[in-house]
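For reference, the chains in residue letters:
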Amino acid sequence: MTGSEVYFIDGARTPFGRAGEKGMYWQTRADDLVVKSMRALIERNPEIPGDRYDDVAIAATTQQGDQGLTLGRTSALLAGLPNSVPGLAIDRMCAGAMTAASLMGGAIGFGQYDVAIAGGVEHMGRHPMGFNADPNPRFLSERLVDAEALNMGNTAERLHDRFPELTKERADHYAMRSQQKTAAAYEAGKFDRDLVPVAIESEAGWGLAIRDEHPRPDTSMEGLSGLKPPFRPHGKVTAGNASPLTDGATASILASKDAVKELGLKPRMRLVSFGFAGVQPEVMGLGPVPSTERALKRAGLKIDDIGLFELNEAFAVQVLSFLDHFGIADDDPSVNPYGGAIAIGHPLAASGVRLMMQLANQFEEHPEVRYGVTAMCVGLGQGGTMIWENPNWNRKKHARAGK
């Protein structure tokens, strides 16, 4: 048994839709969304025989109904993979797909798998976060956590309380820029490779979902300033500087070095390290700080070695707390060049792979960048980070240039 390098080969996702009865996926099943992403990915990579997939890991936060029944296995069967391909379902809330990728990557790195699929789905319209959940009463009776820790919006407000320099104006400005960057990315065709059209049914008949439903390119500071805070009176977190409730799915292919060589695959990223860490649930948004520090330490890198960042925008204040900790400017061009979840949407367990797809696209545009990070906060006080290497980076060229 020998270990292996782990590569991100490809990724695909559905357009992300608005959750609820007015959203484009209200009549669409959650498992059909993830199957659509998987089928597109499998068809796009025909050099990988179906029986060469060693496992399928699909994440969902609320595992019930059409998001239940061991999604990895059921989606593998529905996507047309052979009966010999196993599958599993996992849950780490917002970092579900990221955990699926790290789990499959770990199995590949340990030499047990050659090719695997990792992804996630969240139909927040059909399955709202925490629906039918029954938190143990000890959490509150024994004061293990504050009651506000069970509400993600309140944890974001706590970040504003802890760091007064993270003002509402900064959060709103960051949110506006996210919308602007996403609009520019759409205009430039940056998402064309990622998006898989989905047939949708509504009262008006059948249609085709080809774009994310959430972006608001006309967002202004004036409009953001007038939004009411839903979590506390005179609060700073609003619908404008937070990610919206979203439906959508993602899928990715990871492979070993031997499989890349044998099957003639073209890697888009190499996995360098990953880390998950816990923080106080009341300040959930700080999670990516220790998880990134852990991943950097394991990789033998420093934050200055990272040239691109894909940070999940659960809340603007959460991203700003990360940037302040590491001394990165709010408008640093290396951070979320295509915008983020505030504009695109955040279907919880699916978002981790969206970050990877966008980073892979940016690596192709920036051969001068060697390392990139995908990171996100996670409900109940966690953070997750993965560090990737750009295969387009020319070691010899940059060594001659003294880089």
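Everything numeric in this text was worked out from a predicted model, so none of it was measured. (Residues numbered from 1 in each chain as written. Predicted model: local features only at pLDDT ≥ 70, side-chain atom pairs only at ≥ 80, totals over all residues. Heavy atoms only, no water.)

1. Examining the pairing of strand E1 (residues 6-13)
Right, on to step 1. With eight of eight residues buried, E1 lies mostly within the body of the structure.
Right, on to step 2. The sheet contact formed by E1 and strand E8 (residues 246-256) spans seven bridges and is antiparallel. Bridge assignment links Tyr7 to a residue of E8, and that residue is Ala255.
Right, on to step 3. Sheet topology note: the E1/strand E9 (residues 269-278) ladder contains two bridges and is antiparallel. Within the sheet, the bridge partner assigned to Phe8 lies in E9 and is Met269. (Buried < 20%, exposed > 50% of the residue type's maximum accessible area, 1.4 Å probe, protein only. Helix = DSSP H or I, 4+ residues; strand = E, 2+ residues; numbered from the N terminus. Pairing = 2+ DSSP bridges.)

2. Observations regarding the UniProt feature "domain: Thiolase N-terminal" (unreviewed entry) in the protein
Right, on to step 1. The sites that UniProt annotates as "domain: Thiolase N-terminal" (unreviewed entry) are residues 6-257.
Right, on to step 2. End C-alpha atoms of residues 6-257 are separated by 7 Å, and the span's content is 31% helix alongside 19% strand. (UniProt positions renumbered as here; feature names shortened; annotations may be inferred.)

3. Regarding the packing of aromatic side chains
Right, on to step 1. In this structure the tally under the stated criterion is six aromatic pairs.
Right, on to step 2. For the ring pair Phe8 and Trp388, a centre distance of 6.1 Å and an interplane angle of 75° mean the geometry is edge-to-face. Of this pair, Phe8 sits in strand E1 while Trp388 sits in strand E12 (residues 382-389), placing them 380 residues apart in sequence.
Right, on to step 3. By relative accessible area, which is 0% here, Phe8 ends up buried.
Right, on to step 4. With relative accessibility at 1%, the residue Trp388 sits in the buried group. (Phe/Tyr/Trp six-rings, centres within 6.5 Å; stacked < 30°, edge-to-face > 60°.)

4. Quick notes on the environment of Asn83
Right, on to step 1. Tracing the sequence through the fold places Asn83 in the loop between helix H2 (71-78) and strand E4 (87-90).
Right, on to step 2. When the C-alpha positions of Asn83 and Ser273 are compared, they lie 32 Å apart, and in sequence the two are 190 residues distant.
Right, on to step 3. Dropping the residues within four chain positions of it, Asn83 is found in contact with Arg73 and Leu77. (Contact = heavy atoms within 4.5 Å.)

5. Thoughts on the pattern of salt bridges
Right, on to step 1. Applying the stated rule across the entire model yields 20 salt bridges.
Right, on to step 2. Here Asp161 ties to Arg232 by a salt bridge, and the two come within 3.0 Å at their closest N and O atoms. Placement of Asp161 in helix H5 (residues 152-162) and of Arg232 in the loop between helix H7 (221-225) and E8 is noted, with a sequence separation of 71 residues between them.
Right, on to step 3. You can call Asp161 partly exposed: its relative accessible area is 43%. (Salt bridge = Lys/Arg side-chain N within 4 Å of Asp/Glu carboxyl O.)

6. Things to note about the pairing of strand E11 (residues 371-378)
A regular strand carries its side chains on alternate faces of the sheet.
Right, on to step 1. E11 sits mainly inside the fold: eight of its eight residues count as buried.
Right, on to step 2. Of the two faces of E11, both are covered, the one formed by Tyr371, Val373, Ala375 and Cys377 as well as the one formed by Gly372, Thr374, Met376 and Val378.
Right, on to step 3. As judged from the five bridges shared by strand E10 (residues 306-311) and E11, these two strands associate in the parallel manner. Bridging across to E11, Leu308 finds its partner in Gly372.
Right, on to step 4. Count of turn residues in the E11/E12 antiparallel hairpin: three residues, of which Leu380 carries a positive phi of about 70°.

7. Regarding the UniProt feature "domain: Thiolase C-terminal" (unreviewed entry) in the protein
Right, on to step 1. Sequence positions flagged by UniProt for "domain: Thiolase C-terminal" (unreviewed entry) are, in local numbering, residues 266-389.
Right, on to step 2. The distance separating the terminal C-alpha atoms of residues 266-389 is 14 Å; by composition the span is 33% helix and 26% strand.

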